[in-house]
Amino acid sequence: MLTFRHFIGGAPCDSVDGATLPVYEPATGAQYAIVADGSQADIDAAARAAAAAFPAWSALPAAERASHLNAVADAIERRAVEFAAAESRDTGKPVALARGMDIARAVVNCRFFAAAITQFSSESHTGPGTLNYTLREPHGVVGCITPWNLPLLLFTWKIAPALAAGNCVVAKPSELTPATASMFADACAEAGLPAGVLNVVHGQGPRAGQALVEHPGITAISFTGGTATGTRLAATAAPLLKKLSLELGGKNPNIVFADCDFERAVADSVRAAFLNQGQICLCGSRVYVERALYPRFRDAFVAGAKALTVGDPADGNDLGALTSGAHLDKVLAAIETARTEGGTVLAGGERVRPAGRCADGWFVAPTVIEGLPLDCRTNQEEIFGPVVTLAPFDTEAEAVALANGTRYGLVATVWTRDLDRAHRVSRALSAGIVWVNCWMVRDLRTPFGGVKASGVGREGGLEALRFFTEPRNICIRIAGESE
Ligand code: TXE
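In what follows, the accompanying structure is described. Since the model is a prediction, treat every value here as computed from it, not as a measurement.

1. Some remarks on the layout of surface pockets
Then comes step 1: In this model, the largest pocket occupies a volume close to 820 Å³.
Then comes step 2: Lining the largest pocket we find 36 residues, and of these Trp148, Phe223, Gly225, Gly226 and Thr229 sit closest to its centre.
Then comes step 3: Every element with two or more residues in the lining of the largest pocket is listed here: helix H7 (205-214), strand E11 (220-224), helix H8 (227-237) and helix H11 (325-340).
Then comes step 4: When grouped by side-chain class, the residues that make up the lining of the largest pocket number 15 nonpolar, 14 polar and seven charged.
Then comes step 5: The computed volume of the second largest pocket comes to approximately 240 Å³.

Structure representation (structure tokens):
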């Protein structure tokens, strides 16, 4: 049985109170590891280690912090196969996806922010009679709280800009998927990152996570997770006046106009619905198709969903397992709700029990549902699984109204060859990101985040570096010039 321990002050350690949690392999449903279950005492030890490391780390020239991050990226890359196997085992996702997406992006995240910090600059404003310039200084010790769907990808997406900007970090990965966070800590040690610069405290959200948000030594929190947890976190952080970035859930619309590139729209819409078993906040879970194209699109989409293989994540299947037993129950219950609401299940709709070692794993067939109105639970609540609804629309205005008709506003996708319409619809959509004729194409320089219940703040590129720094204004009078 593997053991994942905290990483505090440059060394692995157990919880102060010795508490642990079981860790399960989603593909089999069996326990395969234990993880330290942190409490306030562990968070406090991590915050103290980080505070001790901060003066030296923040004083390093940006280029030296960048070298450290590049060394960490190299250390991950050297063990990429091992990282991918661990991520797949811990989350249930196909190993090829872990290698090609999660681990590859983790490396790129580190390298991207290493480069970005050397190009980061601040504003100056001249005269009359004064020179103003802006200092961009690290906060000190910041907290990064991450979920289980893209564990290392999202972990590094926060930690890399935080460290690049000169902060020290206390990170709390999801208790469901602790493996690659622990391996990342090892990679940091191997790469020679100074002790205390990065600290990892494992454990449950309401215990270790809550203690991290409440800790007086932590000045800013970057969180990715569910909207309910994000709301709770905001309520905790508000009276403590902490800076907060929240990347929350989505119920993302995918609008397909009749003039689209059909093959591409179908293939990418299937991918958008089911990649990572539908457990990506960017997944397109509501597909709206112009009525003239609807029957043809529906048939091709359903055929695409049925062609996906579901099974052992180590065996080259398209879909692996959902990440937890509780989440499997949630997704199956959502499918039942869809039936109760009058939806017709065109594909999937049930648990899959692969033959062999994965018979008790948490698998769900790619599920396609039609015939549901906008204002039902299935179309309003984030399911976060391989479940998608299809519906026709008649006009551009109706498509936009349907797309905008939930409390979420993370991303939207539009398929059309009409350039004017692409611009018009993109502007009209309430979403932090709109993809036109593509899905999940990520240029890391762009702002990333949602509107409405999908979050507060932006990550990515300069936005992340701005979040992890405090701007201060210095105003100097220039004698001899009139003000
Ligand atoms: O995530 P949580 P859950 C959505 C998705 C999913 C739902 C619930 O719909 O079904 O959220 O998922 C930590 N203080 N997304 O409950 O709780 C927790 O330990 C501080 C969308 O499993 O949001 C973990 O590290 N931290 C999403 C992290 O929060 C707390 C990705 C995220 O877990 C805490 C995941 C507390 N009080 C789920 N309680 C996305 N946006 O990509 C929990 N945590």
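2. Regarding helix H13 (residues 396-403)
Then comes step 1: For H13, the set of buried residues is Ala399, Val400, Leu402 and Ala403. With its buried residues spanning 160 degrees around the axis, H13 presents them on a single face.
Then comes step 2: In this fold, the buried residues of H13 make contact with strand E13 (252-256), strand E14 (284-290), strand E19 (387-393) and helix H14 (419-428).

3. Focus: the site of the ligand
Then comes step 1: Taken together, 28 residues surround the ligand, and among them Trp148, Lys172, Glu175, Lys330 and Glu382 come closest.
Then comes step 2: Between the ligand and Gly205, the relevant distance is 3.2 Å, taken from an oxygen atom to a main-chain nitrogen or oxygen of the residue.
Then comes step 3: One of the side-chain N or O atoms of Glu382 is found 2.7 Å from an oxygen atom in the ligand.
Then comes step 4: If the ligand stood free it would expose 820 Å²; the protein chains cover 87% of that surface.
Then comes step 5: Comparing atom positions with the cavity grids shows the ligand to sit within the largest pocket.
Then comes step 6: Elements with a minimum of two residues in the shell around the ligand: H7, E11, H8 and H11.
Then comes step 7: It is H7 that contributes the most residues to the shell around the ligand, four residues altogether.
Then comes step 8: Considered class by class, the residues forming the shell around the ligand number ten nonpolar, twelve polar and six charged.

4. Some thoughts on the packing of aromatic side chains
For any pair of aromatic rings, the description rests on two quantities: the centre-to-centre distance and the angle between the ring planes.
Then comes step 1: Under the defined criterion, the tally for this structure stands at twelve aromatic pairs.
Then comes step 2: Pairing Phe257 with Phe393 gives two aromatic rings, centres 5.3 Å apart and planes at 80 degrees, and the pair type is edge-to-face. Taken as a pair, Phe257 in the loop between E13 and helix H9 (262-274) and Phe393 in strand E19 lie far apart in primary sequence, 136 residues in all. Side by side, Phe257 and Phe393 carry an identical accessibility label, which is buried.
Then comes step 3: Seen in terms of ring centroids, Phe297 and Phe301 are 5.9 Å apart; in terms of plane orientation they differ by 25 degrees. Their pairing is stacked. A residue pair is termed a helical-turn pair when its members lie 3 or 4 positions apart in one helix, as Phe297 and Phe301 do in helix H10 (residues 294-307) at four residues.
Then comes step 4: Looking at Phe297, the relative accessible area reads 0%, which means it is buried.
Then comes step 5: Judged by relative accessible area, Phe301 falls into the buried class, the value being 0%.
Then comes step 6: Joined through ring pairs, the aromatic side chains of Phe112, Phe113, Trp157 and Phe448 make up one cluster.
Then comes step 7: Between the NZ or CZ atom of Arg296 and the centre of the ring of Phe262, over which it lies, the distance is 3.7 Å.
Then comes step 8: Positioned above the aromatic ring of Phe257 is the side chain of Arg421, whose terminal nitrogen or guanidinium carbon lies 4.0 Å from the ring centre.

5. Let's talk about the sheet that holds strand E23 (residues 469-477)
Then comes step 1: A sheet is described by the order of its strands in space; here three strands give the open sequence E6-E7-E23, paired in antiparallel fashion. With partners counted over all chains shown, the strands left at the sheet margins are strand E6 (124-126) and E23, one partner each. Sheet twist, expressed as the average angle between the axes of neighbouring strands with direction ignored, equals 15 degrees.
Then comes step 2: Here E6 pairs with strand E7 (residues 130-138) via three bridges, running antiparallel. In the strand pairing of E7, His125 is matched with Asn132.

Conventions adopted
Residues numbered from 1 in each chain as written. Predicted model: local features only at pLDDT ≥ 70, side-chain atom pairs only at ≥ 80, totals over all residues. Heavy atoms only, no water. 1 Å grid on protein atoms, 1.4 Å probe; cavity = no way out; pocket = protein on both sides within 12 Å on 5 of 7 lines; lining within 4 Å. Points joined across faces, edges and corners; volume = space filled by probe spheres on them. Helix = DSSP H or I, 4+ residues; strand = E, 2+ residues; numbered from the N terminus. Nonpolar A, V, L, I, M, F, W, Y, C, P; charged D, E, K, R; others polar. Buried < 20%, exposed > 50% of the residue type's maximum accessible area, 1.4 Å probe, protein only. Arc of directions from axis to C-beta. Contact = heavy atoms within 4.5 Å. Near = heavy atom within 4 Å. Polar contact = N/O pair within 3.5 Å; in protein donor to acceptor, adjacent residues only side chain to side chain. Areas by Shrake-Rupley, 256 points an atom, 1.4 Å probe, with all protein chains shown as cover. Sits in = over half its atoms within 2 Å of the grid points. Phe/Tyr/Trp six-rings, centres within 6.5 Å; stacked < 30°, edge-to-face > 60°. Lys NZ or Arg CZ within 6 Å of the ring centre and 35° of its normal. Pairing = 2+ DSSP bridges. Axes fitted to C-alpha atoms, helices over the stretch in contact; angles between N-to-C directions.

Everything listed here is a matter of geometry and, on its own, says nothing about what the molecule does.
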